[in-house]
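Below, each chain spelled out in residue letters.
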Amino acid sequence: MPSDDRPVTIPDFSTWKNQGRKITVLTAYDFPTAKLLDSAGVDCLLVGDSVGTTVQGRDTTLGVTYEQMLYHSELVARAARRALVVADLPFLSYQVSRRQAISLSGRILKETSCQAVKLEGGERMAATIEAIVKAEIPVMAHIGLTPQSIRRLGGYKVQRAEDALRADAQAVAQAGAFAVVLECVPAELAATITTLLPIPTIGIGAGPGCDGQVLVFHDMLGLIDGFRPRFARRYAELGEQIRKAAASYVQDVRDGSFPGEGESFR
Ligand code: KIV
């Protein structure tokens, strides 16, 4: 547990960057999980639109709706006592117009206890970030591999265009983002960007030189069969444990050993 258990604020992010204190972020989508992660001392809970692939069983995040994000954001924010909660803006909730981006970002702050929104895109989204921030809504940016660009990118691929990534990072910082996620950016470049930027970088598949790290909850705990991103360290194999527990339950019911004496009323 952290010694300092007061609620995390947006200014803490820049203080921690200046102090060289690493920032920890994990995704969360529901109340009990958020409660566990918060009590473990995670600094920031990201209600990612990865809910589409982790919870909804989709192939991409494109189908996730704004109303679904609002719902999951409310559940997570209700559980967090210390962690700062950031809600992802789903595909087409901020790209159509700045007016819509401000209004839908504002609803997240008005209708949930989240403190910030996250959106994908660098230079091309800078004016939108600036408009949202001007409305007093903190924005976390996200550059590099942006999953909502999957159709244009043609797959989940490491982004290596150095000049473009550097320009993206500088544009979102200048636009007023309080932090930026660097997804699948080569480690050396991510470290250079981290040194150049006045705001913290939060890496995922971007090496150890970032100011903080984010992992997707289901990846780090082995909850999804199949594709295993090589950057996602497994901290537990909960999928296997759940399968074994469920199989034991099936066995116990079938052989009559559950429920027992103590599990029945008289
Ligand atoms: O949606 C998400 O979970 C994310 C993280 C991978 C950063 O954007």
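Refer to the structure printed above.
Remember, it's a predicted structure, so these values are computed and weren't measured experimentally.

Calculation criteria
- Residues numbered from 1 in each chain as written.
- Predicted model: local features only at pLDDT ≥ 70, side-chain atom pairs only at ≥ 80, totals over all residues.
- Heavy atoms only, no water.
- Near = heavy atom within 4 Å.
- Polar contact = N/O pair within 3.5 Å; in protein donor to acceptor, adjacent residues only side chain to side chain.
- Areas by Shrake-Rupley, 256 points an atom, 1.4 Å probe, with all protein chains shown as cover.
- 1 Å grid on protein atoms, 1.4 Å probe; cavity = no way out; pocket = protein on both sides within 12 Å on 5 of 7 lines; lining within 4 Å.
- Sits in = over half its atoms within 2 Å of the grid points.
- Points joined across faces, edges and corners; volume = space filled by probe spheres on them.
- Helix = DSSP H or I, 4+ residues; strand = E, 2+ residues; numbered from the N terminus.
- Nonpolar A, V, L, I, M, F, W, Y, C, P; charged D, E, K, R; others polar.
- Salt bridge = Lys/Arg side-chain N within 4 Å of Asp/Glu carboxyl O.
- Buried < 20%, exposed > 50% of the residue type's maximum accessible area, 1.4 Å probe, protein only.

(A) Highlighting the site of the ligand. Near the ligand, the surroundings consist of Thr27, Leu46, Gly48, Asp49, Ser50, Asp88, Lys118, His142, Val181, Glu183, Ile204 and Val216. Within the side chain of aspartate 88, one N or O atom sits 3.1 Å away from an oxygen atom of the ligand. Relative to its unbound accessible surface of 260 Å², the ligand loses 95% to contact with the protein. When atoms are counted within 2 Å of each cavity's grid points, the one that captures over half of the ligand is the largest pocket.

(B) Examining the layout of surface pockets more closely. Volume-wise, the largest pocket comes out at about 1200 Å³. Broken down by secondary-structure element, the contributors of at least two residues to the lining of the largest pocket are α3 (51-54), β4 (116-120), β6 (179-183), β7 (201-204) and β8 (212-215). When residues in the lining of the largest pocket are grouped by element, the largest group, three residues, is from β8. For the lining of the largest pocket, a count of residues per class yields 20 nonpolar, eleven polar and 13 charged. For the lining of the second largest pocket, the secondary structure elements donating two or more residues are β5 (139-144), α7 (150-153) and α8 (162-175). Examining the composition of the lining of the second largest pocket, we find that three residues originate from one element, α8, more than from any other.

(C) Quick peek at the pattern of salt bridges. Overall, the coordinates contain 15 salt bridges when judged by the stated rule. With a closest N to O distance of 3.0 Å, arginine 21 and aspartate 43 form a salt bridge. Residue arginine 21 is located in the loop between α1 (10-19) and β1 (23-27), and its partner aspartate 43 is located in the loop between α2 (31-39) and β2 (44-47); the two are separated by 22 residues in the primary sequence. Glutamate 240 is the partner of arginine 243 in a salt bridge, and the nearest nitrogen-oxygen pair spans 3.3 Å. Residue arginine 243 and its partner glutamate 240 are located together in helix α11 (residues 238-255), separated by three residues, close to a single helical turn. Classification of arginine 243 by relative accessible area gives partly exposed; the value is 45%.

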